[in-house]
Structures are given as structure tokens and as C-alpha cells.
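Now for the letters of each chain:
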Amino acid sequence: MFVDEMPYRVSVLRQAFDVGDMEAIRRAAHQIRGAAGSYGFDQLTPFAAAVEDAVAHHGVEEEICRTVESLLSICRQVRAGAPE
């Protein structure tokens, strides 16, 4: 189920980033973080946490961009049956 929902989660995060909606970025990262842990994709947790932290601490735009791009990249690597 987590793998099936990943394209949607990536889309939500990308759209929030594209429009600069910091609260939506934080919320999307938080949801990915929670779901990843619940479904055994713990490798995503630090990437999602980095996005949350960057937004929560009003990080500079470059930091937020870097953390979001890293999270999106790792999310795209998720495959059914094999957390990466």
C-alpha cells in the first residue's frame, strides 16, 4: 500500500514545493516520515526528518530545496517488496 501511494505522496510534496507552501511541505514530509516507519521503509525517515527540520527552523531556501530534492529522490527509489 505504501509503495502504491508513493507517486501521490511525491506529487503532493512536489506541488507544495513548486508553490512555496512551507506548511504543506512540512506536512507532506511528516506524513511520508510516519508512513515510511509504519511500513518498514525506515531509510526514508532521516530524509523526511531533514525536510521537516529545515522548514520548522526556517532554513534558507537552498537548504529546504536540497532536503526536498533528496527526499523526492529517495522516494522515487521505493519498490514493492524491497525497501531501498
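Look up a bit, the structure's there.
Below, the structure is looked at part by part. Along each chain, residues carry numbers from 1 onward, in the same order as the chain's sequence is written. Under the rules for a predicted model, residues below a pLDDT of 70 receive no local features and side-chain atom pairs below 80 are neither given nor counted, while totals for whole chains, interfaces and linings still include all residues. Each side-chain value is worked out from all heavy atoms of the structure, with water and hydrogens disregarded.

### Details of unusual backbone geometry
Non-glycine residue His58 carries a positive phi angle of around 50°. Put simply, DSSP marks the helices as runs of H or I at least four residues long and the strands as runs of E at least two long, and each gets a number from the N terminus on. Tracing the chain through its elements places His58 in the loop between α3 (45-56) and α4 (61-76).

### Re the side chain of Glu52
Counting through the fold element by element, Glu52 comes out in helix α3. Filtering out sequence-adjacent residues up to four positions away, Glu52 remains in contact with Arg26, Ala29, His30 and Arg33. Residue contacts are defined here by distance: any two heavy atoms, one from each residue, within 4.5 Å place the two residues in contact.

### Notes on the packing of helix α2 (residues 22-38) against α3
The N-to-C vectors of α2 and α3 enclose an angle of 155°; their axes lie 8 Å apart at closest approach. With respect to each other, α2 and α3 are oriented roughly antiparallel. Crossing handedness for the pair α2 and α3: left-handed. Along its contact with α2, which presents Met22, Ile25, Arg26, Ala29, His30, Ile32, Arg33 and Gly37, the element α3 presents Thr45, Ala48, Ala49, Val51, Glu52 and Val55. Angular values range over 0 to 180 degrees, each being the angle between N-to-C directions of two axes fitted as lines to C-alpha atoms, with helices fitted over their stretch in contact. These descriptions rest on fixed angle ranges, namely under 35 degrees for roughly parallel, over 145 for roughly antiparallel, 65 to 115 for roughly perpendicular, and the rest for oblique. Helix crossings get a hand from a simple test, with the near helix turned counterclockwise from the far one by less than a right angle marking a left-handed crossing and a clockwise turn marking a right-handed one.

### A few points about the pattern of salt bridges
Salt bridges are defined as contacts in which a side-chain nitrogen from Lys or Arg sits within 4 Å of a carboxyl oxygen from Asp or Glu. In the structure shown here, the tally under the stated rule is six salt bridges. Glu69 is the salt-bridge partner of Arg14, the closest N and O atoms lying 2.7 Å from each other. Of this pair, Arg14 sits in helix α1 (residues 2-19) while Glu69 is found in helix α4, placing the two residues 55 residues apart along the sequence. Think of it in three bands: with a 1.4 Å probe and only protein chains considered, a residue is buried below 20% of the maximum accessible area for its type, exposed above 50%, and partly exposed in between. You can call Glu69 partly exposed: its relative accessible area is 30%. Through salt bridges with shared partners, a single ionic network connects Arg14, Asp18 and Glu69.

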